Amino acid sequence: MKPPERLTVPTCIGCWSMRLLADCQPDCVEQKLELVHTEAHDELVREAAEAQALLAALAEVARWLDTASTGQSEPAYRAAQAIARAALRAHPARAAEETAESEPPLVRTAWWCPECGSVESSEECLGICVWRPLEWVSLSVHRELEQQVSGQRERVARARALLAQLAHTTPRPGHWEESRALLGAHAGALLADG
Ligand SMILES: [Zn+2]
Ligand SMILES: [Zn+2]
């Protein structure tokens, strides 16, 4: 059995002891599990989905801005603008304090038995243990996603800025072609950069 990537374990919210007992046999072996709480991980999952959506919108915008034939710049620009507006509405920029580097999540170590699936970690409790089923994610899964998300963070910020520029700028009459070509070139360059 492979170590679980995500699991729910009865956990004491006071001391973080974990106890998911199964029918362990004397010859069962224990394997170290490093876990982070699912809340920290799901924030990364959300950020990864947002990055994917913004980059997909950028690619779609680039297609519209790139393929406009002469004289069709205005409808092409307007179509691209509608895509940019929808993407930004679905994924509004967050407040500065939310995007600030968050604390690294606490890593908890538990012992897992691949034979019977029991999970256990005993901490010294200061009071009476209060057990709740908490969801945990494997640290390696978390780290992998973290690397992926942080690796494209800057590019996503540039994509967002370009989408915002397109969403908020409507060219003056006679300047559709100029604006289409300019933003199209920027979008193309940003996509090629990836
Ligand atoms: Zn066991
Ligand atoms: Zn406790």
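Each remark here, short or long, concerns the structure printed above.
Here's what I pulled together on the structure shown here. (Residues numbered from 1 in each chain as written. Chains lettered and ligands numbered in written order. Predicted model: local features only at pLDDT ≥ 70, side-chain atom pairs only at ≥ 80, totals over all residues. Heavy atoms only, no water.)

1. Quick look at the coordination of the zinc ion (ligand 1)
Moving on, step 1. Looking at the zinc ion (ligand 1), the protein donor atoms are C24 (SG), C28 (SG), C113 (SG) and C116 (SG), and they sit 2.2 to 2.3 Å from it.
Moving on, step 2. Relative to the metal, the four donor atoms surrounding the zinc ion (ligand 1) lie at angles of 94 to 135 degrees, and the coordination shape comes out irregular.
Moving on, step 3. Exposure remark for C28: the relative accessible area of 19% places this residue in the buried category. (Donors = N, O, S within 2.8 Å, 3.2 Å for Na, K, Ca; no water. Tetrahedral: all angles 85-135°; square planar, octahedral: opposite > 155°, others 65-115°. Buried < 20%, exposed > 50% of the residue type's maximum accessible area, 1.4 Å probe, protein only.)

2. A closer look at the packing of aromatic side chains
Moving on, step 1. Applying the stated criterion across every chain yields a total of two aromatic pairs.
Moving on, step 2. Geometrically, the ring pair formed by W16 and W136 is edge-to-face, given 5.9 Å between the ring centres and 80 degrees between the ring planes. Highlighted residues: W16 in the loop between strand 1 (6-12) and strand 2 (18-20) and W136 in strand 6 (residues 131-138), separated in sequence by 120 residues.
Moving on, step 3. Between Y77 and W176, the aromatic rings sit 5.5 Å apart at their centres with planes inclined by 75 degrees, giving edge-to-face as the arrangement. (Phe/Tyr/Trp six-rings, centres within 6.5 Å; stacked < 30°, edge-to-face > 60°. Helix = DSSP H or I, 4+ residues; strand = E, 2+ residues; numbered from the N terminus.)

3. So, the nonpolar core
Moving on, step 1. The biggest cluster of nonpolar side chains holds 24 residues, and the ones touching the most others in it are L58, V61, L65, Y77, A84, L163 and L166.
Moving on, step 2. In terms of residue count, the dominant contributor to this core is helix 1 (residues 38-67) (eight residues).
Moving on, step 3. Each residue touching A84, except ones within four places of it in the same chain, is listed here: V61, L163, L166 and A167.
Moving on, step 4. The next biggest cluster of nonpolar side chains, apart from the first, holds ten residues, and it includes L7, V9, L33 and W112. (Core = buried A, V, L, I, M, F, W, Y, C linked by side-chain atoms within 4.5 Å. Contact = heavy atoms within 4.5 Å.)

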